[in-house]
Structure formats: C-alpha cells, structure tokens
Amino acid sequence: MLNFNYSIPTRILFGEGKIELLGKEIKKYGSRVLLAYGGGSIKKNGIYQNVVKILKENDIPFFELSGIEPNPRVESVIEGVKICRENNIDFILAVGGGSTIDCCKAVGAAYYYDGNPWDLVIGKAKIEKVLPIGCILTLAATGSEMDAGGVITNMETNQKYGVGHPDMSPKFSILDPTYTYTVSPYQTAAGVADIMSHIFESYFSKVKGAYLQDRLAEGLLKTCIHYGRIAIDEPENYEARANLMWASSLAINGLLAYGKDSIWSVHPLEHELSAYYDITHGVGLAILTPHWMEHVLDETTLYKFVEYGINVWNIEREKSDMEIAKESIEKTRDFFISLGIPMTLREVGIGEEKIETMAKAVIEYKGGKVGNFKPLDYEDVLDIYRKAL
Ligand code: NZQ
Ligand code: ZN
C-alpha cells in the first residue's frame, strides 16, 4: 500500500426526508443562492417545488440556472457565471445528477476567473478559488456529490475533459434515495455501470498490499450487482435505491483509490465517445469495459482478474486461472446485458468513421499512453474501439 493523505470533506446527509436540513446547511456558507438544475425532471417529480418552498421559508433569495445538459456544455457554465455575477451569488445549489453538479463546480471556479471558463478545463489557467457548492442528488452514478472534480464538454471542439480542485468538493450533499425513484430504467442501468467502472478504475491496479481497499471495492461491486436489476424492476425499492446511492459516492470519493496509484483507462476512452457523439456516459463505459478487460488480460494482469472472478463472481477456485479470468469478464458483460444496456457502439449510433480520430485524440490528451494497469497506446485504443463496434 502506498502512502496517502486522507481528506473527504463533504458532509453527507443521507436518507429520506433529509431535505429538511437544507435551509440550515445553506446558511452556514451563503445567503444568495444559484439554484441550478437540468432539463426539468425535478419539476416533474416535485423536488423543485419542495426546494423552492424551503428556500422561501428560510428567506433565502435564489436565482435559477436551468436546462443544464447531460454531458454539460461550457456554454452552460458561462451562463451560470453570468447569473452569479449579476446577482451577487455566494452559494451554488446543484439539484440533479452528475451533469448538473459538474456544471455547478465549474461555475463556482469560473466565477473567480475573468477569461473563458474553458481555459480552466484545458489547464490554460489555474483554479484559484471556488464558490461554495451544495448538492441535492437525484441520480446514483457519478459520485460527483462527494468528489472534487467535474467533467465539462465543448461540442464545438469535440472535447470532454475533467477539471478538479479540492475546493470543488461539495460542502454538503443531501442523498435521499426516494429522489431517485423516477430515474428511468436506462439511466438507472447506466448509473450502475458508471459506479462499477469507477470501482474498476482503481481496483485493477498493479499496486499490491492494498488488501483493505480491494475488499471494500469488491463489497461495492457486489452491491451494484445485487441491487442493479432490483432498482430497475422495482424503481421504488428504497433498499435498492439507498444502497446504489451510497455506492455511487463511495466508489469515487477517494476511499478505494487511497494507497494506490491508479491512472484511469476506460473513462478517457469513453469521454471521447461522448465528446463526438454525445452518448450516455455509463452506457459508453459498459460497452467498452469488457473489451478493455479482454485486451489487458495477460500473464502479468491475470492475478487481478482471478481475484475479481473469485471474490466478486464466486467462480470456483478449481478452474484454471485463465478460465476464471475469462469467465469473470463474461459475467461482467452478461451483467450489463441483464440491465438492458446496448452493448455495441453501433447500437448507440457510433460507426467506424471517427474511431481513428478519437483514438488519436485520447492518446494526445494523455501524452502517449492511457492508464497504468496495462498502459494503452494508439493501436491498443483502436483495437478496443474496433472490437466494441
Ligand atoms: O436533466 P434532467 O431533466 O434532470 O434529466 C436527467 C438527464 O436527462 C435525468 N435525471 C436525473 N435525475 C433524475 C432524472 N430523471 C428522472 N428522475 C430523476 N430523479 O437523467 C439524465 C442524465 O442525467 P445526468 O446528470 O447527465 O447523469 P449522470 O449523473 O450520469 O451524469 C453524467 C455526467 O457526469 C460525468 C459524465 O461524464 C457526464 O458528463 N461524470 C462526472 C464525474 C465526476 N464529477 O466525478 C465522474 C464520472 O466518471 C463522469 O465522467
Ligand atoms: Zn464515470
């Protein structure tokens, strides 16, 4: 296990009815609020009405940023900054899934930067300060509710990149599982695949001796496997929604990655798909993951797949190591299929046309190699994209 510094500063308010603490929480950090949300799901399920009522009861003035897109665009960030500056906002409240939260994180950072917010995403300018952010999570997937990063898309340049700063961590996140009852089967499945992918990204690492982190990771993976289908079949099953919601946060808040030096592999490959084709993040990950696993499986990585197969999928130890590894990948694929996720790129509208461009782009962005479990070069990336077609 490598050395690490532990810091997970977000206060989590978990469970049904925790929204009652909203007014009190906001008042710890600010007095004029940007209320930010997506395309309107929160108006249909009543969360919006509830939040507005609480803000009014607490005499907290608020201004709205609405219509934040899935795969949030830099244009929404620019609009958010404008609203904040015009209205002397000192606190941002994100109500939604990862896209809304990520957009708010970028707005918070860009508020203190005079140039184009995209400069902060591509690293042309440094984030110095961030407006305080609070979240009301409505979709279990990205873990943005408890991490220090966001992902912003520029459709003009076909770029989708992560941006991070310790102050981007939400000050608090309200996690009420009942708020995810209205998430569609497709988005529920995509969310489960995303959570699992975050776990894989740090689990599949060459660092040995992080036994604790790996057992935690396996517990979280089993949670996703156990409750994923249940949440789709019974959208109002509190236990399933609660377990997935907490798994979403724990998968990426640092807990699993501490003591390891994992550099992510599948996420950068997926971000190219979203940047060019605007697809659902979790679906792209589910399509790529089994192909990535097959591609990186060799004598040097075999032991990790054996661990995964036995501990997560309960595959019998009597089989050969390679049999266990291959079966674990098949089971992963079958699980995503069982959630109803389309498992080829063509099914989500991606053909051969741009796979070379996307492979080049990700290699360039990553400086030559993607990931470090088994570093991928241009040919490797191309091969994974081709097999996923
Ligand atoms: O926009 P609305 O109308 O709210 O509808 C959304 C959207 O259409 C809907 N939805 C959300 N909550 C709902 C609901 N529908 C009904 N009932 C509810 N309770 O679901 C759709 C997808 O929402 P979105 O926020 O885009 O999904 P998700 O949470 O999966 O976020 C995806 C974005 O997060 C990034 C992804 O790349 C993508 O841009 N990621 C962020 C990360 C982070 N900050 O740490 C890490 C991830 O790996 C990921 O890259
Ligand atoms: Zn993800």
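Residues numbered from 1 in each chain as written. Chains lettered and ligands numbered in written order. Predicted model: local features only at pLDDT ≥ 70, side-chain atom pairs only at ≥ 80, totals over all residues.

Going by what an unreviewed UniProt entry lists, the protein is known as Iron-containing alcohol dehydrogenase and is assigned to Tissierella simiarum.

## A word on the environment of Ser-197
Within the secondary structure layout, Ser-197 lies in helix H7 (residues 185–203). Exposure remark for Ser-197: the 25 C-beta atoms within 10 Å place this residue in the buried category. Put simply, Ser-197 and Trp-264 are 67 residues apart on the chain and 9.7 Å apart in space, counted from C-alpha to C-alpha. When residues no more than four places from it in sequence are discounted, the contact partners of Ser-197 are Val-266, His-267, Leu-285 and Thr-289. (Helix = DSSP H or I, 4+ residues; strand = E, 2+ residues; numbered from the N terminus. Buried ≥ 20, exposed ≤ 12 C-beta atoms within 10 Å, placed from the backbone. Contact = placed C-beta atoms within 7 Å.)

## A few points about the pairing of strand S5 (residues 133–137)
With 5 of 5 residues buried, S5 lies mostly within the body of the structure. Going residue by residue along S5, you find Ile-133, Cys-135 and Leu-137 tucked away on one face and Gly-134 and Ile-136 tucked away on the opposite face as well. By the bridge criterion, 5 bridges tie strand S4 (residues 91–96) to S5 in an arrangement that is parallel. Its bridge partner being in S5, Leu-93 is matched across the sheet by Gly-134. In the sheet, S5 pairs with strand S8 (residues 172–175) via 3 bridges, with the strands oriented parallel. Within S8, the position partnered with Gly-134 by the bridge is Phe-172. (Pairing = 2+ DSSP bridges.)

## Describing the nonpolar core
Membership of the largest hydrophobic core comes to 121 residues, with the highest contact counts inside it found for Ala-36, Ile-92, Leu-93, Val-95, Val-107, Ala-193 and Ile-199. Broken down by element, the residue count for this core peaks at 9 residues, all from H7. In this structure, this core is formed jointly by two domains, domain 1 (11–179) and domain 2 (185–388), each of which donates at least three residues. Sequence-distant contacts of Ile-92, defined by excluding residues within four places in its chain, comprise Leu-34, Ala-36, Cys-104, Val-107, Gly-108, Leu-131 and Ile-133. (Core = buried A, V, L, I, M, F, W, Y, C linked by C-beta atoms within 7 Å. Domains from an automatic or database assignment.)

## Concerning the UniProt feature "domain: Alcohol dehydrogenase iron-type/glycerol dehydrogenase GldA" (unreviewed entry) in the protein
Here, UniProt's "domain: Alcohol dehydrogenase iron-type/glycerol dehydrogenase GldA" (unreviewed entry) annotation points to residues 9–177. Taken as a whole, residues 9–177 contains 31% helix and 24% strand, while its terminal C-alpha atoms sit 21 Å from one another. (UniProt positions renumbered as here; feature names shortened; annotations may be inferred.)

## A word on the sheet that holds strand S1 (residues 11–14)
Whenever strands of a sheet pair, they do so through backbone hydrogen bonds, lying parallel or antiparallel. Sheet architecture is open: 6 strands sit in the order S1-S8-S5-S4-S2-S3, paired in parallel fashion. With one partner strand each, in any of the chains shown, S1 and strand S3 (62–65) form the two edges of the open sheet. Averaged over all pairs of adjacent strands, the angle between their axes in this sheet comes to 20°, without regard to strand direction. (Axes fitted to C-alpha atoms, helices over the stretch in contact; angles between N-to-C directions.)

## Regarding the confidence of the model for the protein
Of the residues in the protein, 100% reach a pLDDT of 70 or more, and the chain-wide mean stands at 98. Quick note on the complex model: pTM equals 0.98, ipTM equals 0.99. (pLDDT = per-residue confidence, 0-100.)

## Considering the site of ligand 1
Taken together, 35 residues are adjacent to ligand 1, and Gly-38, Gly-39, Pro-70, Gly-97 and Gly-98 come closest. Secondary-structure elements contributing two or more residues to the shell around ligand 1 are helix H2 (41–44), helix H5 (98–110), strand S6 (149–154), H7 and helix H11 (281–296). If you tally residues by element for the shell around ligand 1, the top one is H5, at 4 residues. Tallied by class, the residues present in the shell around ligand 1 amount to 8 nonpolar, 24 polar and 3 charged. Per-domain counts for the shell around ligand 1 show at least three residues from each of domain 1 (11–179) and domain 2 (185–388). (Near = placed C-beta within 6 Å. Nonpolar A, V, L, I, M, F, W, Y, C, P; charged D, E, K, R; others polar.)

## Notes on the pairing of strand S2 (residues 33–37)
The buried fraction of S2 amounts to 5 of the 5 residues, a majority that puts the element mostly inside the structure. Relative to S3, S2 is paired through 4 bridges, and the arrangement is parallel. Pairing of Leu-35 across the sheet is with Glu-64, part of S3. Two strands pair when backbone bridges link them, and S2 and S4 are joined in this way by 5 bridges, in the parallel orientation. Residue pairing across strands places Leu-35 opposite Leu-93, the latter belonging to S4.

## Some remarks on the domain arrangement of the protein
Many analyses report the size of an interface as the accessible area lost when the parts associate. Annotation of the protein at the domain level lists domain 1 (11–179) and domain 2 (185–388). Placing the centre of domain 1 and that of domain 2 at their C-alpha centroids yields a distance of 27 Å. Counting residues at the interface gives 21 residues for domain 1, matched by 24 residues for domain 2. For the side of domain 1 that touches domain 2, the secondary structure elements donating two or more residues are S1, S6 and strand S7 (159–164). Counted by class, the side of domain 1 that touches domain 2 contains 11 nonpolar, 7 polar and 3 charged residues.

## Some remarks on helix H9 (residues 238–252)
For H9, spanning 15 residues, the distance from its first C-alpha to its last is 22 Å, which sits close to the expected 21 Å at 1.5 Å a residue. Residues of H9 that are buried include every one of Ala-240, Arg-241, Ala-242, Asn-243, Leu-244, Met-245, Ala-247, Ser-248, Ser-249, Leu-250, Ala-251 and Ile-252, and no others. Where H9 is buried, its residues meet S1, S5, S8, H7 and helix H8 (211–233). A positive backbone phi angle near 115° is found at Gly-254, which sits one or two residues after H9. (Expected span 1.5 Å × (residues − 1).)

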